[in-house]
There are 2 protein chains.
Amino acid sequence: MITNMKHIKKELTDKNIKPTYQRLCILEYLHDNLVHPTVDMIYNKLVDRIPTMSKTTVYNTLKIFSENNIVNEITITGTETRYDTNCKSHQHFLCKKCKKIYDINITYQDSEIINKDIFGHKVQEIHGYFKGICKQCLENDKIKD
Amino acid sequence: MITNMKHIKKELTDKNIKPTYQRLCILEYLHDNLVHPTVDMIYNKLVDRIPTMSKTTVYNTLKIFSENNIVNEITITGTETRYDTNCKSHQHFLCKKCKKIYDINITYQDSEIINKDIFGHKVQEIHGYFKGICKQCLENDKIKD
DNA sequence: TTTCATATTTGTAATCATTACAGATTAATA
DNA sequence: TATTAATCTGTAATGATTACAAATATGAAA
Ligand SMILES: [Mn+2]
Ligand SMILES: [Mn+2]
Ligand SMILES: [Zn+2]
Ligand SMILES: [Zn+2]
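Residues numbered from 1 in each chain as written. Chains lettered and ligands numbered in written order. Predicted model: local features only at pLDDT ≥ 70, side-chain atom pairs only at ≥ 80, totals over all residues. Heavy atoms only, no water.

Colleague: Provide a residue-level description of the interface of chain A and chain B, including the pertinent values.
Modeller: Counting from both sides, the interface comprises 31 residues of chain A and, opposite them, 31 residues of chain B. Carbon and sulfur atoms make up 59% of the area that chain A and chain B hide from each other, which totals about 2,800 Å². The largest share of the area that chain A buries against chain B comes from His121, His127 and Tyr129 of chain A, three residues that together contribute 21% of it. One can count two salt bridges joining chain A with chain B. Across the salt bridge formed by Glu125 of chain A and Lys96 of chain B, the nearest N and O atoms sit 2.8 Å from each other. Applying the counting criterion to the chain A and chain B interface returns 16 residue pairs in polar contact (both at pLDDT 80 or more). At the level of elements, β4 (101-104), β6 (121-133) and α6 (135-144) of chain A are the ones that each hand at least two residues to the side of chain A that touches chain B. Ranked by the residues each element gives to the side of chain A that touches chain B, the list is headed by β6 of chain A, at 13 residues. (Contact = heavy atoms within 4.5 Å. Buried area = accessible area lost by both parts, 1.4 Å probe. Salt bridge = Lys/Arg side-chain N within 4 Å of Asp/Glu carboxyl O. Polar contact = N/O pair within 3.5 Å; in protein donor to acceptor, adjacent residues only side chain to side chain. Helix = DSSP H or I, 4+ residues; strand = E, 2+ residues; numbered from the N terminus.)

Colleague: Give a detailed account of the coordination of the zinc ion (ligand 4), specifying residues and quantitative values.
Modeller: All names here are of chain B. Binding of the zinc ion (ligand 4) to the protein goes through Cys95 (SG), Cys98 (SG), Cys134 (SG) and Cys137 (SG), at separations of 2.3 to 2.4 Å. Classification of the site at the zinc ion (ligand 4) as tetrahedral follows from its four donor atoms and the range of 106 to 112° in their angles at the metal. In primary-sequence terms, the residues that donate to the zinc ion (ligand 4) follow C-x2-C-x35-C-x2-C. On the criterion of sequence distance, the pair formed by Cys98 in the loop between β3 (91-95) and β4 (101-104) and Cys134 in the loop between β6 (121-133) and α6 (135-144) is long-range, its members being 36 residues apart. Taking the relative accessible area as the measure of exposure, Cys134 reaches 0% and is therefore buried. (Donors = N, O, S within 2.8 Å, 3.2 Å for Na, K, Ca; no water. Tetrahedral: all angles 85-135°; square planar, octahedral: opposite > 155°, others 65-115°. Buried < 20%, exposed > 50% of the residue type's maximum accessible area, 1.4 Å probe, protein only.)

Colleague: Could you give an account of the packing of helix α3 (residues 39-49) of chain B against helix α4 (residues 55-67) of chain B, with specific residues and numbers?
Modeller: Residues and elements named next belong to chain B. Axis separation between α3 and α4 bottoms out at 10 Å; the angle between their running directions is 125°. With respect to α4, the element α3 is oriented oblique. The handedness of the crossing between α3 and α4 comes out as right-handed. Facing α3, whose interface residues are Val39, Asp40, Ile42 and Tyr43, α4 presents Lys55, Val58, Tyr59 and Leu62. (Axes fitted to C-alpha atoms, helices over the stretch in contact; angles between N-to-C directions. Parallel < 35°, antiparallel > 145°, perpendicular 65-115°, else oblique. Left-handed = near helix turned anticlockwise from the far one by under 90°.)

Colleague: Tell me about the coordination of the manganese ion (ligand 2), and name the residues and values.
Modeller: All names here are of chain B. In the first shell of the manganese ion (ligand 2), the protein supplies His36 (NE2), Asp84 (OD), His90 (NE2), His92 (NE2) and Asp103 (OD), at 2.1 to 2.3 Å from the metal. Sequence spacing among the residues donating to the manganese ion (ligand 2) works out to H-x47-D-x5-H-x1-H-x10-D. Here His36, found in the loop between α2 (21-32) and α3, pairs with His92, found in strand β3; they are 56 residues apart in sequence, far enough to count as distant. Comparing His36 with His92, the two get one shared label, buried.

Colleague: Please give an account of the protein's contact with DNA strand C that cites residues and values.
Modeller: Not every one of the 15 residues close to DNA strand C is listed here, only the nearest: Tyr59 and Thr81 of chain A together with Thr20, Thr52 and Thr57 of chain B. Considering the 4 Å shell around the protein, atoms of DNA strand C inside it are sugar or phosphate in 77% of instances. The backbone of Thr81 of chain A places a nitrogen or oxygen atom 2.8 Å from a phosphate oxygen of DNA strand C. A distance of 2.9 Å is found between a phosphate oxygen of DNA strand C and a side-chain nitrogen or oxygen belonging to Thr57 of chain B. For the surface near DNA strand C, the elements supplying multiple residues, two or more each, are α4 (55-67) of chain A together with α2 and α4 of chain B. Here the surface near DNA strand C gets three residues from one element, more than from any other, and that element is α4 of chain B. (Near = heavy atom within 4 Å.)

Structure follows, in structure tokens:
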């Protein structure tokens, strides 16, 4: 338990979300595992501690979190949604081989664009990401050669 | 038929892809409909002209096109893959309301990053997109008020 | 042309993530 | 305590995509 439970509870109550046990566990998991996990990763980890946990609850909870800007949904893989509690503006790197998503902190001039217009369209979110082969996979390949 | 068939045929033969009737029709559709269509949109349009067309063929063909860099797969909606034959570097705007994807031509310094390293990861693709409400939907909302 | 091998297309079934829904459980309120 | 609302749970349905095998078309040798 890396993250303080009181902070997590406050994060929910501040947004008028009832801090139920399931919600606290899911949010705690997200804060302690900043690897952009899938619903399955979250569920499979928590079901050990909470055997009654339902996958539907994970989906429902993440939907509430997303609507309240507690998590960001990342849909760059094309297969499943990944979840991110890092709400600071940042980019991502998706490894085509191992499917890991890394944070890339390149400071952009986001503030210039966000909530403004771009060709008449109202911008609410800015997403940027790179695809390729990650450092670790590159090194694994080297060893094979 | 806006695009010249000879050009389309050459595009395939240049990459050693047999220019079958189905493949030509799909590629022609993509060139004439630069709206980032879904598999369903492509299939439903083409099945009128080619009643034997199979949706699996659309999937197979787009996979071959993607592997040969004839189309780009866009996975920003989270629900289904959209396809783009505009291979010049450009950004996208996804409208949360009507789900239309618009091209946004902001010149980036892509060439500085592509095929180079970023924190040790090998970058092969750069993606950037915005989410919000598009011009047309904003205007439709105005009328309602 | 006929024969045979190969590539492509097609239709159906399977898979997998996500959503819909209704009943069970829990919490809040009177 | 009794009543009501919110939350959670399990299962069924949905929808996009993939797997697979049979049907069809293509193309080269004989
Ligand atoms: Mn992140
Ligand atoms: Mn485009
Ligand atoms: Zn990797
Ligand atoms: Zn719109």
